[in-house]
Amino acid sequence: MPLQNQADIKAATSILKSKRQTANAEPIGIFDSGVGGLSITQCIEQQLPHENLLYVADTLYAPYGEKSTEFIQQRVNDIAQWFIARNAKAIVVACNTATVNAIDQLRKNISIPVIGVEPAIKPATSISKNKKIAILVTKATAENKRFLALVAQYSHNSDVTIQPCPGLVELIEQDKKNSPECKLMLLSYLQPLLVKGVDTIVLGCTHYPLVKNLINEICGDSIVVMETAQPVTEQLKRQLVLHQLINPLNNIGETTFHSSKCCLKQQALFSHILQRTLRLNIYP
Ligand code: DGL
């Protein structure tokens, strides 16, 4: 129906405005194979406090780091479709393994903004004094072409060691991050890097910030340990602004948590990591 007069235009503008406000109050989907994405979620909660967040931990299929590209892509597509069915306005792939294995195909298939995690190799090469850097990753990331190309791009002036850490994600998922077993495992991965003389370590898996204290304890103060929660949050903010998706409402957003292995033990693990009581829901 054509707009007749000033009043019609005003009414139509107000409907459009309220539609946009409703769309902008829709959640941001965040996912990981397990609890790794929680460090990124915490950072998003702090810096975008008005946004509603929907977190999925695909714990039943963790670790992604030991799975094939095809398998990871299938999981990522399923989770993305679940977010879209819940009107998500953007998706954060809070997992390095899923980012390098599946983000390109995901972006081709969906139209909402998709933000991935890139390991901080570039900033590490400028921070490192002796230009000896190590990057801790899962097996699937270490073998991934996209990741290897990224390392090659930034390692022209630095000696970059890729250190896969099989078994570490499993221990973190079992809430054994403070166990002697975990310390021994980390020692076995870090010792050769220390012998090599690296002065900067990049955490290339979102689970690893959860053992950052232990890494610092083993490596000492002189080694810089870099993670990615802050740059991912900044990139998310830029994308929300660019697509006019920032939630204009002033109330504090809500985060809901879901897991493909939903049980009280998992709920306790989430609470322990986030240091607050929460309810874990079943995914899908
Ligand atoms: N948190 C993940 C990552 O950033 C996944 C680890 C895994 O499931 O193996 O790579």
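Residues numbered from 1 in each chain as written. Predicted model: local features only at pLDDT ≥ 70, side-chain atom pairs only at ≥ 80, totals over all residues. Heavy atoms only, no water.

Colleague: Give a description of the overall build of the protein that names residues and reports values.
Modeller: Scanning the protein from N- to C-terminus turns up 12 helices and 10 strands. On C-alpha atoms alone, the protein measures out to a radius of gyration of 21 Å, which is about the 19 Å that the 2.2 N^0.38 rule sets for 284 residues. Based on the C-alpha atoms only, the size of the protein along its principal axes is roughly 80 × 45 × 35 Å. The proportion of buried residues among the 284 residues of the protein is 51%. Relative to all contacts within the protein whose residues are 6 or more apart in sequence, the contacts with residues 24 or more apart total 75%. (Helix = DSSP H or I, 4+ residues; strand = E, 2+ residues; numbered from the N terminus. Rg over C-alpha atoms; globule rule 2.2 N^0.38 Å. Buried < 20%, exposed > 50% of the residue type's maximum accessible area, 1.4 Å probe, protein only. Contact = heavy atoms within 4.5 Å.)

Colleague: Outline the packing of helix α2 (residues 38-47) against helix α11 (residues 229-242), listing residues and values.
Modeller: In contact at an axis separation of 9 Å, α2 and α11 are set at 50 degrees when each is read in the N-to-C sense. On the basis of the axis angle, α2 is oblique to α11. Once α2 is placed against α11, the crossing between them reads as right-handed. In this structure, α2 uses S39, I40, C43, I44 and Q47 to contact α11, whose residues at the interface are A229, Q230, V232, T233, L236 and K237. Residues of the contact of α2 with α11, tallied by class, amount to 6 nonpolar, 4 polar and 1 charged. (Axes fitted to C-alpha atoms, helices over the stretch in contact; angles between N-to-C directions. Parallel < 35°, antiparallel > 145°, perpendicular 65-115°, else oblique. Left-handed = near helix turned anticlockwise from the far one by under 90°. Nonpolar A, V, L, I, M, F, W, Y, C, P; charged D, E, K, R; others polar.)

Colleague: Report on the site of the ligand, specifying residues and quantitative values.
Modeller: In the vicinity of the ligand, 13 residues are found, and the nearest of them are S33, Y64, G65, N96 and T97. Here a nitrogen atom of the ligand and a side-chain polar atom of D32 are 2.8 Å apart. Contact distances for the ligand include 2.7 Å between an oxygen atom and a backbone N or O atom of G65. Starting from 300 Å² of accessible surface for the ligand in isolation, the protein chains cover 99%. Taken together, the residues that form the shell around the ligand break down as 5 nonpolar, 7 polar and 1 charged. (Near = heavy atom within 4 Å. Polar contact = N/O pair within 3.5 Å; in protein donor to acceptor, adjacent residues only side chain to side chain. Areas by Shrake-Rupley, 256 points an atom, 1.4 Å probe, with all protein chains shown as cover.)

Colleague: If you had to explain the nonpolar core to someone new, which residues and values would you point to?
Modeller: Counting 53 residues, the largest nonpolar core has V92, L136, L190, I201, I215, L236 and F270 as its most contacted members. Element by element, the count of residues in this core is highest for helix α9 (residues 180-196), at 5 residues. For I215, the residues in contact, after removing those within four places along its chain, are L136, L186, L190, L203, Y208 and V225. Core analysis: the second largest hydrophobic core is formed by 23 residues, W82, A98, A140 and Y283 among them. (Core = buried A, V, L, I, M, F, W, Y, C linked by side-chain atoms within 4.5 Å.)

Colleague: Could you give an account of the side chain of D58, naming the residues involved and the relevant values?
Modeller: The residue D58 is located in the loop between β2 (53-57) and α3 (69-85) in this model. Its relative accessible area of 0% is what places D58 among the buried residues. A distance of 2.7 Å separates polar atoms of two side chains, one belonging to D58 and the other to R75. With residues up to four places along the chain from it excluded, the contact list for D58 reads D32, S33, G34, Y64, R75, I79 and S260.

Colleague: Can you explain the sheet that holds strand β6 (residues 159-164)? Please cite residues and give values.
Modeller: Spatially, 4 strands are ordered β6-β5-β7-β8 in an open sheet, and the strand pairing comes out parallel. The open sheet terminates on both sides in strands that have one partner only, identified here as β6 and β8 (224-226). This sheet shows a mean twist of 20 degrees between the axes of neighbouring strands, independent of strand direction. In the packing of helix α7 (residues 145-154) onto the sheet, contacts are made with β5 (132-137) and β6, and the angle to β6 comes to roughly 155 degrees. (Pairing = 2+ DSSP bridges.)

Colleague: Any details on the packing of α9 against helix α10 (residues 212-219)? Residues and values, ideally.
Modeller: At their nearest, the axes of α9 and α10 sit 10 Å apart, and the two run at 50 degrees to each other. Accordingly, the angle class assigned to the pair α9 and α10 is oblique. Of the two elements, α9 crosses α10, and the hand of that crossing is right-handed. Along its contact with α9, which presents C182, K183, L186, L187, L190 and L194, the element α10 presents L214, I215, E217, I218 and C219. Of the residues assigned to the contact of α9 with α10, the class counts are 9 nonpolar, no polar and 2 charged.

Colleague: Any details on helix α4 (residues 96-109)? Residues and values, ideally.
Modeller: Between its terminal C-alpha atoms α4 stretches 19 Å, which fits the 20 Å expected from 14 residues at 1.5 Å a residue. When the local axis directions of α4 are compared, the greatest deviation, roughly 60 degrees, occurs at A102. Where α4 is buried, its residues meet β1 (28-32), α3, β3 (90-93), β4 (114-115), α6 (139-142) and α7. (Expected span 1.5 Å × (residues − 1). Bend = angle between axes of the 7 residues up to and from the residue.)

Colleague: Please provide a residue-by-residue account of the state of the cysteines, values included.
Modeller: Applying the stated criterion across every chain, the model contains 0 disulfides. Lacking any disulfide linkage, C43 is separated from the closest cysteine sulfur, that of C205, by 17 Å. Overall, the relative accessible area of 9% leaves C43 in the buried class. (Disulfide = S-S within 2.5 Å.)

Colleague: Break down the pattern of salt bridges for me, with residues and values.
Modeller: Enumeration according to the criterion identifies 9 salt bridges in this entry. One salt bridge in this structure joins K89 and E51, with 2.5 Å as the shortest N-O distance. Here E51 lies in the loop between α2 and β2 and K89 lies in the loop between α3 and β3, a separation of 38 residues in the sequence. E51 matches K89 in its accessibility class, with the two residues each being buried. R146 is the salt-bridge partner of D104, the closest N and O atoms lying 3.1 Å from each other. Here D104 is found in helix α4, whereas its partner R146 is found in helix α7, with 42 residues between them in sequence. The network of salt bridges with common partners includes D58, R75 and D78. (Salt bridge = Lys/Arg side-chain N within 4 Å of Asp/Glu carboxyl O.)

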